[in-house]
Amino acid sequence: MLKKLLFLSAALAFVLPAFAQHQRRVLIEEFTNASCGPCAAQNPAFNTTVKANADFLTPIKYQTNFPGYDPMNQQNPSEVQTRRSYYSVNSVPNGRQNGVLEIFPMTSYNATVIQNAYNTLTPVTITLSHTLTADYDSVLITLSVKSEDTLFGNLRLRVAVLEDEITFSTAPGTNGEKEFFQIMRKMVPNTTGTTTGNFSPGETKNYSLAWAVKNFYDLNQLCVSAWLQNDATK
C-alpha cells in the first residue's frame, strides 16, 4: 500500500515564452468546502472529468473556511486563504486552470478546455520525486527544473503535498460529501514558493525540500505536485 509514497505524482509548468518545446501538463486548482451545497452539486461531474483526463491534468483542491465548517480547512487555514487571495476567489466552488482561466461552474469543465491548454507548449520540464523517511515522519522532495529557452520574470517554483483521497464514514460538513480528492495539505516550504531566478537556454536548476508530515488521514495517499508560476501574470 506504500507504492504512492515512492513515485512521481506530478510535473508541470505553465510559463509561456516565445519558443515552446513541450506539451504542457494542465494545472487545475479548485476551491471548495465541505459545507457548501453548490460544491456537492458540482463536484461529482467535475471529479469525473478530472479522472477521465488524468493523463493531461494535475488537480489540486483547496478546502476553504466558508460557507461552513470544514475540518480539512482547519488543519491548514492560512495557506488556503493565501491561495484564495492570490486568485481573488470570493465564492465556492471556483477554479483556475493554469493560473489564469476561471472555471465556473465546475460542471462546465470539459475535455476540450483541457486539451486546448495541454496543447499550449512550454520550454519547461520538471522532474519530481519524493520519499518518506524511514520512520514516516517527513517527506523528502527533490526537483529538477529545466528550460530549453531563455525564461525570465517573477518565477516561483511551487510545491504542494496532497492527500490524494480522503473518505469519511459520515459527512464532515453539512453538504453530504464524504469523499474528497487531491486535497492540499501543505505548500512546501510555503505558499510563496521558491524563487528560481531567470533561466538561460538549456539551464537546469535543482532543489531539495522537506516537510515534517502532519494532519494526514492516510499516509498511503500522500503525493506531491509542483509547478513553475510567474507571479506577474499568474
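Since this is a predicted model, take the numbers as computed values, not measurements.

**Q** Help me understand the sheet that holds strand β5 (residues 124-132) in this model?
**A** Pairing between the strands of a sheet is mediated by backbone hydrogen bonds and can be parallel or antiparallel. Pairing within the open sheet is antiparallel, and its 3 strands lie in the order β5-β6-β10. Edge positions in the sheet fall to β5 and β10 (203-212), since each of these pairs with one other strand and no more. With direction set aside, neighbouring strand axes in the sheet form an average angle of 15°. Here strand β6 (residues 138-147) runs beside β10; their pairing, made up of 10 bridges, is antiparallel. Looking at the pairing, Val 139 lines up with Trp 211 of β10.

**Q** Help me understand the side chain of Gln 63, please; the structure alone is not making it clear to me.
**A** Following the sequence through the fold, Gln 63 ends up in strand β2 (residues 57-63). Excluding residues within four positions of it along the chain, Gln 63 makes contact with Thr 32, Asn 33, Ala 34, Asp 70, Met 72, Asn 73, Val 80, Phe 180 and Ile 183.

**Q** What am I meant to see in the pattern of salt bridges here?
**A** Think of it this way: side chains of opposite charge can pair up when their charged atoms draw near. Under the counting rule described, the total for this entry stands at 7 salt bridges. Among the salt bridges present, the one from Glu 29 reaches Arg 83, with a minimum N-O distance of 2.8 Å. Of this pair, Glu 29 sits in strand β1 (residues 26-32) while Arg 83 sits in helix α3 (residues 77-86), placing them 54 residues apart in sequence. The two residues Glu 29 and Arg 83 agree in class, both being buried. Between Arg 158 and Asp 231 there is a salt bridge, with the nearest N and O atoms lying 2.9 Å from each other. Of this pair, Arg 158 sits in strand β7 (residues 155-167) while Asp 231 sits in the segment after β11 (222-230), and the two are 73 residues apart along the sequence. On the basis of relative accessibility, which here comes to 3%, the residue Arg 158 falls in the buried class. For Asp 231, a relative accessible area of 19% corresponds to the buried category.

**Q** Would you explain the environment of Phe 168 in this entry?
**A** With respect to the helices, strands and loops of the structure, Phe 168 is situated in the loop between β7 and β8 (179-188). We classify Phe 168 as buried; its relative accessible area is 16%. Sequence-wise, Phe 168 and Tyr 217 are 49 residues apart; in three dimensions their C-alpha atoms are separated by 9.6 Å.

**Q** In this structure, what is going on with the side chain of Asn 33? I would like to understand it.
**A** By secondary structure assignment, the location of Asn 33 is in the loop between β1 and α1 (37-52). Residue Asn 33 is classed as buried on the basis of its relative accessible area, which comes to 0%. Within polar-contact distance, the side chain of Asn 33 engages the backbone oxygen of Thr 64 at 2.8 Å.

What counts as what
Residues numbered from 1 in each chain as written. Predicted model: local features only at pLDDT ≥ 70, side-chain atom pairs only at ≥ 80, totals over all residues. Heavy atoms only, no water. Pairing = 2+ DSSP bridges. Helix = DSSP H or I, 4+ residues; strand = E, 2+ residues; numbered from the N terminus. Axes fitted to C-alpha atoms, helices over the stretch in contact; angles between N-to-C directions. Contact = heavy atoms within 4.5 Å. Salt bridge = Lys/Arg side-chain N within 4 Å of Asp/Glu carboxyl O. Buried < 20%, exposed > 50% of the residue type's maximum accessible area, 1.4 Å probe, protein only. Polar contact = N/O pair within 3.5 Å; in protein donor to acceptor, adjacent residues only side chain to side chain.

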